[in-house]
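Observations on the three-dimensional arrangement
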Amino acid sequence: RVACTSSDRHRALVILRASTSKSVMGKANNRPTRGRQARENDAIEDDSLEKGDGVFQFLKGIDMVAVALGGMILVLAVLFLIVCYVTMGLEIDRHFDISKAPLSKFRLDAAYDDLNVKNRNVKERGLESHEIVNEIERAIQYGNLAYARQRLMEIVTNQMLSAPDVIALSTLVSEAEAQNPIANISQCNVDESVGFIKEKGGKVVVHDKADGIMIADFDFDQSQADGRGRGVAVLQEMKADDVIVEVPASSFLSIWSVKDSPELAKVFSEEKITDGFTGLMILLLHEASKETSAWRKYLCSLPLYTPLPFMWSDADIPADFMNMPEVVEERKMLLEYMSLSYNTTVAPLMLKYPQVFPEDRFTKPKWAWALSIVISRAIAMKRTGGVLGHSWSLADPQLLDAANILEVLKSGKSDAHVAPVLVPVVDMMNHDSNSSLACKMKQRTDGTIIVTAADEGLQRGFEVAINYSPKLCGNKPLNRWGFMLPPCEGDAEKAAAQEESAQAQ
């Protein structure tokens, strides 16, 4: 009976009662006359049955109380788990909402710098999550916010990071969405920029009846990443001087393109905006905010973040950066240009033409984005002529240095024939100082930019790189393009002299 359940005990008690009653009744019927001793024995037997029934009832009561208490504890435990799950989910979901905070950098590398753990599975798990974090950062930089959210959900689902780190990453993605200057970026396709130049009359090398070039992410494999990021690759073997791409002037984006935007053309005419650099930044933000822009397919290829020094916060500046006074000074110039151009040009335009320049499209973070795009991707060009036609040529790249554009802004004197120009596809090409490996870029008088294969040719899958300027060396490219090259001639001697001077002092 101890091993039985409460219901089993009850059934056994009923059977015991029934069988006992039958037995007693049978004895009474068979022996109608009984003695005093027999009646006393029956009374004792009945009394023992009543006591047994009481014991069973007592045990049954204890069982019912235990079951009730156990059920209550189980229900409370389930409710507690549900509350914890919902609370954590709401806390994480709250950070998936779009934020109004400015776009900023975020790094989780430090969280995985020390992977000295005994459990190999834990170590591999940490490395895997580290790779996903890098993918999310690259996806945000290149504007692929949908992919960034997909990878973030994998981290949440598989619990690969702690809750604070997940919240920080989700905040980063939300900030990128909030400050994104490109309209409906989730519908963008970076490869459409190749088709865009063909629609404008350009040409692309053909491979198997398809485009012979593609936009590639050369840092996708983190084990072999060298910081090149995205670029252009050929899909077939190219011999020296073979034409890779021809980009017509009709696809360019510059202050000379304002005529194709009637509402901006009127404003530029009334306000006498002639500064090619500032004018291009205004046009860029204006067109990026429109899904119907004539340059939509090109604008979708632009990154959301370019890691230039003027975009860094002061806390992110590395110590060795401060040891390069020329670079530090140039960064200050770009920051001054960004602030001065916004306060003297953009802010008054927003007040005077609120329908053309709404505040949400021309915020300071978006203005900084426009500056990073133009300073790092534009090509200096010269255009002369008039009604009968224009003659184009490449200008000195140094015209777009920080000192020059700041001087033009402060003086108000600009050359109407020289301006920065954004060239689709070509602006995706990385730099290569090696003359035998760098592809050649030239411009016809009608403005068409032509890129041909390097002297050594190109193998299938090789990168199409060009030389931004033959004068680049050392840390000169850092503020404009975000990379450094081998020291310039005489830099070593100059650095040694400065070190000796510092020691002497």
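Before reading further, recall that the structure is shown in the block above.
**Things to note about the side chain of T452**
Residue placement: T452 occurs in strand β11 (residues 449-452). The contact partners of T452, leaving out residues within four places of it in the chain, are D241, D242, V243, I244, C439 and K440.

**Some thoughts on the packing of helix α4 (residues 145-158) against helix α5 (residues 163-179)**
For the pair α4 and α5, interaxial distance at closest approach is 11 Å and the crossing angle is 165°. It follows that α4 is roughly antiparallel to α5 by the angle criterion. As for the relative orientation of α4 and α5, their crossing is left-handed in sense. Touching L145, A148, R149, L152, I155 and V156 of α4 are V166, L169, S170, V173, S174, A176 and E177, all from α5. Looking at side-chain class alone, the contact of α4 with α5 contains nine nonpolar, two polar and two charged residues.

**Quick word on the nonpolar core**
Counting residues in hydrophobic clusters, the biggest one holds 103 residues, and the most contacted among them are I244, L284 and F357. In contact with L284, not counting residues within four places along its chain, are L253, L299, L302, W369, A370, I373, V374 and L422.

**Remarks on the environment of R149**
With respect to the helices and strands, R149 occurs in helix α4. Measuring from C-alpha to C-alpha, the distance between R149 and I136 comes to 7.9 Å, with 13 residues separating the pair along the chain. A polar side-chain atom of R149 sits 3.2 Å from a polar atom in the side chain of S174.

**Comments concerning the packing of aromatic side chains**
What the rule picks out here adds up to ten aromatic pairs. What links up through ring pairs into an aromatic cluster is the set F252, W256 and W392.

**What about helix α8 (residues 276-288)?**
Taking 1.5 Å as the rise per residue, α8 with 13 residues should run 18 Å; its terminal C-alpha atoms sit 18 Å apart, in good agreement. With 13 of its 13 residues buried, α8 lies for the most part within the structure. Between a side-chain oxygen at the N-terminus of α8 and the backbone nitrogen of F277 the separation is 3.1 Å; the capping residue is D275.

Conventions used here
- Residues numbered from 1 in each chain as written.
- Predicted model: local features only at pLDDT ≥ 70, side-chain atom pairs only at ≥ 80, totals over all residues.
- Heavy atoms only, no water.
- Helix = DSSP H or I, 4+ residues; strand = E, 2+ residues; numbered from the N terminus.
- Contact = heavy atoms within 4.5 Å.
- Axes fitted to C-alpha atoms, helices over the stretch in contact; angles between N-to-C directions.
- Parallel < 35°, antiparallel > 145°, perpendicular 65-115°, else oblique.
- Left-handed = near helix turned anticlockwise from the far one by under 90°.
- Nonpolar A, V, L, I, M, F, W, Y, C, P; charged D, E, K, R; others polar.
- Core = buried A, V, L, I, M, F, W, Y, C linked by side-chain atoms within 4.5 Å.
- Buried < 20%, exposed > 50% of the residue type's maximum accessible area, 1.4 Å probe, protein only.
- Polar contact = N/O pair within 3.5 Å; in protein donor to acceptor, adjacent residues only side chain to side chain.
- Phe/Tyr/Trp six-rings, centres within 6.5 Å; stacked < 30°, edge-to-face > 60°.
- Expected span 1.5 Å × (residues − 1).

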